[in-house]
Amino acid sequence: MSHAPVLLAEAMDALALRDGGVYVDATFGGGGYSRQMLGRANCRVIAYDRDPDAIARGAALISEEPQRFTLLQGRFGDLAPDELVDGVVFDLGVSSFQLDQADRGFSFQQDAELDMRMEKDGPSAADAVNGMSEVALADLIYNYGEDDESRRIARAIVQARAAGRITRTLQLADLVEKAVGGRRGARTHPATKTFQALRMLVNDELGELARGLSAAERALKPGGRLVVVSFHSLEDRMVKQFIAARADAQGRGSRFMPDLPPERAPSFVLERKRATAPSDDETARNPRARSASLRWAVRTDAPAWDELEPPALAPKAEAEWTKLN
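Conventions used here
- Residues numbered from 1 in each chain as written.
- Predicted model: local features only at pLDDT ≥ 70, side-chain atom pairs only at ≥ 80, totals over all residues.
- Heavy atoms only, no water.
- Pairing = 2+ DSSP bridges.
- Helix = DSSP H or I, 4+ residues; strand = E, 2+ residues; numbered from the N terminus.
- Salt bridge = Lys/Arg side-chain N within 4 Å of Asp/Glu carboxyl O.
- Buried < 20%, exposed > 50% of the residue type's maximum accessible area, 1.4 Å probe, protein only.
- Phe/Tyr/Trp six-rings, centres within 6.5 Å; stacked < 30°, edge-to-face > 60°.
- Polar contact = N/O pair within 3.5 Å; in protein donor to acceptor, adjacent residues only side chain to side chain.
- Contact = heavy atoms within 4.5 Å.
- Core = buried A, V, L, I, M, F, W, Y, C linked by side-chain atoms within 4.5 Å.
- Arc of directions from axis to C-beta.
- Axes fitted to C-alpha atoms, helices over the stretch in contact; angles between N-to-C directions.
- Parallel < 35°, antiparallel > 145°, perpendicular 65-115°, else oblique.
- Left-handed = near helix turned anticlockwise from the far one by under 90°.

## Topic: the sheet that holds strand β3 (residues 69-73)
Then, number 1: Spatially, the seven strands line up as an open sheet ordered β3-β2-β1-β4-β5-β7-β6, and their pairing is mixed. Of all the strands in the sheet, just β3 and β6 (268-269) have a single pairing partner and so form its edges.
Then, number 2: By the bridge criterion, three bridges tie strand β1 (residues 22-25) to strand β4 (residues 85-91) in an arrangement that is parallel. Residue pairing for β4: Val-24 is matched across the bridge by Val-88.

## Focus on the pattern of salt bridges
Then, number 1: Taken as a whole and judged by the stated rule, the model has 25 salt bridges.
Then, number 2: For the salt bridge of Arg-165 with Asp-127, the shortest nitrogen-to-oxygen distance reads 2.9 Å. Placement of Arg-165 in the loop between α8 (150-161) and α9 (169-179) and of Asp-127 in helix α6 (residues 125-131) is noted, with a sequence separation of 38 residues between them.
Then, number 3: The exposure class of Arg-165 is partly exposed, given its relative accessible area of 47%.
Then, number 4: Residues Arg-237 and Glu-146 are paired through a salt bridge, measuring 3.8 Å at the closest nitrogen-oxygen approach. Taken as a pair, Arg-237 in helix α12 (residues 233-247) and Glu-146 in the loop between α7 (134-143) and α8 lie far apart in primary sequence, 91 residues in all.
Then, number 5: Residue Glu-146 is classed as partly exposed on the basis of its relative accessible area of 32%.

## Quick word on unusual backbone geometry
Trans peptide bonds make up most of the peptide bonds, and negative phi angles are found at most residues other than glycine.
Then, number 1: Phi at Ala-16 takes a positive value of approximately 50°, unusual for a residue other than glycine.
Then, number 2: Within the element layout of this structure, Ala-16 appears in the loop between α1 (8-15) and β1.
Then, number 3: Ala-16 sits in the partly exposed class, given a relative accessible area of 36%.

## Focus on the packing of aromatic side chains
Then, number 1: Applying the stated criterion across every chain yields a total of four aromatic pairs.
Then, number 2: Seen in terms of ring centroids, Phe-76 and Phe-90 are 5.1 Å apart; in terms of plane orientation they differ by 85°. Their pairing is edge-to-face. With Phe-76 in the loop between β3 and β4 and Phe-90 in strand β4, the pair connects residues that are 14 residues apart, well separated along the chain.
Then, number 3: Overall, the relative accessible area of 0% leaves Phe-90 in the buried class.

## Some points on the side chain of Glu-217
Then, number 1: Tracing the sequence through the fold places Glu-217 in helix α11 (residues 205-219).
Then, number 2: Polar contacts involving the side chain of Glu-217 include one to the side chain of Ser-267, which spans 2.7 Å.
Then, number 3: Residues in contact with Glu-217, not counting those within four places in the same chain, are Phe-242, Arg-246, Ser-267, Phe-268, Arg-299, Ala-304 and Trp-305.

## Thoughts on the nonpolar core
Then, number 1: Counting residues in hydrophobic clusters, the biggest one holds 66 residues, and the most contacted among them are Leu-79, Phe-90, Leu-172 and Leu-226.
Then, number 2: Looking at which element gives the most residues to this core, the answer is α11, with seven residues.
Then, number 3: If we skip the residues at most four places from it in the chain, Leu-172 touches Leu-114, Val-129, Ile-157, Ile-166, Phe-195 and Leu-198.
Then, number 4: Core analysis: the second largest hydrophobic core is formed by 31 residues, Ala-11, Leu-17, Met-37 and Trp-296 among them.

## A closer look at the pairing of strand β5 (residues 220-230)
It is a general feature of regular strands that their side chains alternate between the two faces of the sheet.
Then, number 1: Counted residue by residue, β5 has eight buried out of 11 residues, so it is predominantly covered.
Then, number 2: Pairing of β4 with β5 involves six bridges; the strand directions are parallel. The residue of β5 that forms the bridge with Val-88 is Leu-226.
Then, number 3: Of the strand pairs in this sheet, β5 and strand β7 (residues 293-299) are connected by six bridges, and their pairing is antiparallel.

## Some details on α9
Then, number 1: When α9 is considered as a whole, its buried residues turn out to be Thr-169, Leu-172, Ala-173, Leu-175, Val-176 and Ala-179. Seen along its axis, α9 keeps its buried residues to an arc of 170°; they face one direction.
Then, number 2: Buried positions along α9 lie against α6, α8 and α10 (192-202).
Then, number 3: Phi for Gly-181, located one or two positions after α9, is positive at around 85°.

## As for the packing of α8 against α9
Then, number 1: Orientation of α8 relative to α9, taken along the N-to-C sense of each, is 130°, at an axis distance of 9 Å. In terms of axis orientation, α8 runs oblique to α9. Crossing geometry of α8 relative to α9 is assigned as right-handed. Here Arg-152, Ile-153, Ala-156, Ile-157 and Ala-160 of α8 come into contact with α9, specifically with Leu-172, Leu-175, Val-176 and Ala-179.

## Brief notes about the side chain of Asp-25
Then, number 1: Mapped onto the elements, Asp-25 comes out in strand β1.
Then, number 2: Here Asp-25 is in contact with Tyr-33, Ser-34, Met-37, Val-45, Ile-46, Ala-47, Tyr-48 and Val-89, once residues within four sequence places are set aside.

## Here's the deal with the packing of α11 against α12
Then, number 1: With their axes 11 Å apart at the nearest point, α11 and α12 run at an angle of 30° to one another. Overall, the two elements α11 and α12 adopt an arrangement that is roughly parallel. Helix-helix and strand crossings are classified by hand; for α11 and α12 the assignment is right-handed. Contact residues: α11 offers Glu-205, Leu-206, Leu-209, Ala-210, Leu-213, Ser-214 and Glu-217, while α12 offers Leu-234, Glu-235, Met-238, Val-239, Phe-242 and Arg-246.

Nothing here speaks to function; it is geometry throughout.
Following this line, the structure appears as structure tokens:
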């Protein structure tokens, strides 16, 4: 198995790495970002990952760079370094390691237990599929998966589980495909969005992102860089809105009235408004990069804003999942 970090060069440029700096790799994964940071500057890197397999993979880098590299097991929403840092980088979503390792249950490319738990703890995707109501499943698949076929898929899941518990990845993928009438020339498998929605719910990915962005805002020193690579529109929208709100706190007047005084001092400066997308060459080499988007901003010396609240996108699904937990 291998993992090719997406938008790696662009993310490193956005971090503006310097000798003597301290940087946070909030999503260690396969260690590609951490290795690049350590190789590009005489700096220190503090990395986080919630996945115990990623922590095990990091042992080699710890032995190579015991003075400059620290790896901590935990969620990036809880990141709280002992000192203010010069940069925080997030590489969101699921890693190639998690997708390619069949027994983790993230992918329908191979048959496995329907799991998807990044921390290998707590209720699994199978618990969600078998324990949530049809209404909640439709709510989840429509809002987290952004799938217009959500009601049809939810109905098929409930009908199928009446004959027995749904426990396997291919079992779920096949019934979703049949529910929507096959692939019909689609570039991606019809179950892709359902699997995305389940993974996001099981791992509280939007809640973690909200907490992680706020934690990064608190951890960055003035002039520090926040760099985020996301892979679907829900993540990218949250990142975009978080940065835009904190970088443009100045109230806007009209052409007849002067600008209003700011309610909150901006905590970030947005030097580039548009997101950076992968090049054609990168997407050709790595098809998983095609949906990636990079955004970054520079921290000011203003106090951090209040904790970001994650959007309640699928309230029925979220309420039932909370009860299952």
